[in-house]
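# Examination of the molecular architecture
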Amino acid sequence: LLAGIERGTAGVRGHRRAASSLLQGGYYTLLAATYRDADISHAYPLMRGSAPVLVALANSGSEPLLPVQLLAVALVCAGGAVICVGGGGLRSSRRTLVLALLTALVIAAYTLVDGLGVRRSGAPAAYTSWLFVLAGIGVTISSRRRLQGGLGAYLAARPWLGLGGGFARAAA
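Residues numbered from 1 in each chain as written. Predicted model: local features only at pLDDT ≥ 70, side-chain atom pairs only at ≥ 80, totals over all residues. Heavy atoms only, no water.

Secondary structure summary: the chain contains eight helices and zero strands in total. When the elements of the chain are put in sequence order from the N terminus, they spell out α-α-α-α-α-α-α-α. Counting every position in the chain, which comprises 172 residues, the buried fraction comes to 28%. Put simply, of all contacts in the chain between residues at least 6 apart along the chain, 76% involve residues at least 24 apart. Of the accessible surface of the chain, which amounts to about 10,600 Å², a share of 67% is contributed by carbon and sulfur atoms. (Helix = DSSP H or I, 4+ residues; strand = E, 2+ residues; numbered from the N terminus. Buried < 20%, exposed > 50% of the residue type's maximum accessible area, 1.4 Å probe, protein only. Contact = heavy atoms within 4.5 Å. Areas by Shrake-Rupley, 256 points an atom, 1.4 Å probe, with all protein chains shown as cover.)

Put into structure tokens, the structure is as follows:
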């Protein structure tokens, strides 16, 4: 399986896959920290709404936005402002806002890295498959460290958790 994946990404140096995997690890870490601080209904729209705006702005020099795309960016910005300052928004702290925006920055960064990697690979499915493998290894290592060596016992007590998480990740 991995040999077939490797043949499909021969045009892509491993540094893009490695960079994307490290960024995804940073994303998971920031996401967990943000959710410890804030309600998901406030933090998630800010993180996921800001990231496409950041990607659009980063790409605007090489791929100019059409007027309808500029309108979409403006609407996303307005929605984020409403969440932050209106209707209760991110009430918890400035720290929460910083964590949410840092998470959005990391989402934008791995989106840009993956966009370049997929385009240069010539094999989008193979490139993405490698990312799943590398992310799985990273999550396993960080989970093992977080659970202080108790990962095996944790998963043995919850056998469907790992399989279900892997299936959900692949389906997404």
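Still more to cover.
Further remarks concern the confidence of the model for the chain. This prediction gives the chain a mean pLDDT of 78; 83% of its residues lie at or above 70. Ranking the elements of the chain by mean pLDDT puts helix H1 (residues 2–8) last, at 49, and helix H5 (residues 94–121) first, at 89. (pLDDT = per-residue confidence, 0-100.)

What the rule picks out here adds up to two aromatic pairs. Residues Tyr27 and Tyr28 carry aromatic rings whose centres are separated by 5.4 Å and whose planes lie at 55° to one another, so their mutual orientation is tilted. According to the relative accessible area criterion, Tyr27 is buried, its value standing at 9%. One aromatic cluster in this structure is built from Tyr27, Tyr28 and Tyr110. (Phe/Tyr/Trp six-rings, centres within 6.5 Å; stacked < 30°, edge-to-face > 60°.)

Moving on to H5. For H5, spanning 28 residues, the distance from its first C-alpha to its last is 40 Å, which sits close to the expected 40 Å at 1.5 Å a residue. Looking one or two places after H5, you find Gly122, whose phi comes out positive at around 75°. (Expected span 1.5 Å × (residues − 1).)

What follows concerns the environment of Pro52. With respect to the helices and strands, Pro52 occurs in helix H3 (residues 40–59). In the structure, Pro52 is positioned 53 residues away from Leu105 in sequence and 9.6 Å away in space, judged by C-alpha atoms.

Let us now look at H3. End to end, H3 covers 28 Å across 20 residues, agreeing with the expected 28 Å (1.5 Å per residue, within 8%). Within H3 the residues assigned to the buried category are His42, Ala43, Leu46, Met47, Gly49, Ser50, Ala51, Val53, Val55 and Ala56.

So, about the nonpolar core. Tyr27, Met47, Val106, Ile107 and Tyr110 are the most contacted members of the largest nonpolar core, which totals 14 residues. The dominant element in this core, judged by the number of residues it contributes, is H5, at five residues. Every residue in contact with Ile107, bar those within four places of it in the chain, is listed here: Tyr27, Met47, Arg48 and Ala51. (Core = buried A, V, L, I, M, F, W, Y, C linked by side-chain atoms within 4.5 Å.)

To continue, consider the side chain of Asp114. In this structure, Asp114 sits in helix H5. Overall, the relative accessible area of 14% leaves Asp114 in the buried class. At a separation of 2.6 Å, a polar atom in the side chain of Asp114 contacts the side chain of Ser20. Leave out the neighbours within four places in its chain, and Asp114 touches Ser20, Gln24, Tyr127 and Leu131. (Polar contact = N/O pair within 3.5 Å; in protein donor to acceptor, adjacent residues only side chain to side chain.)

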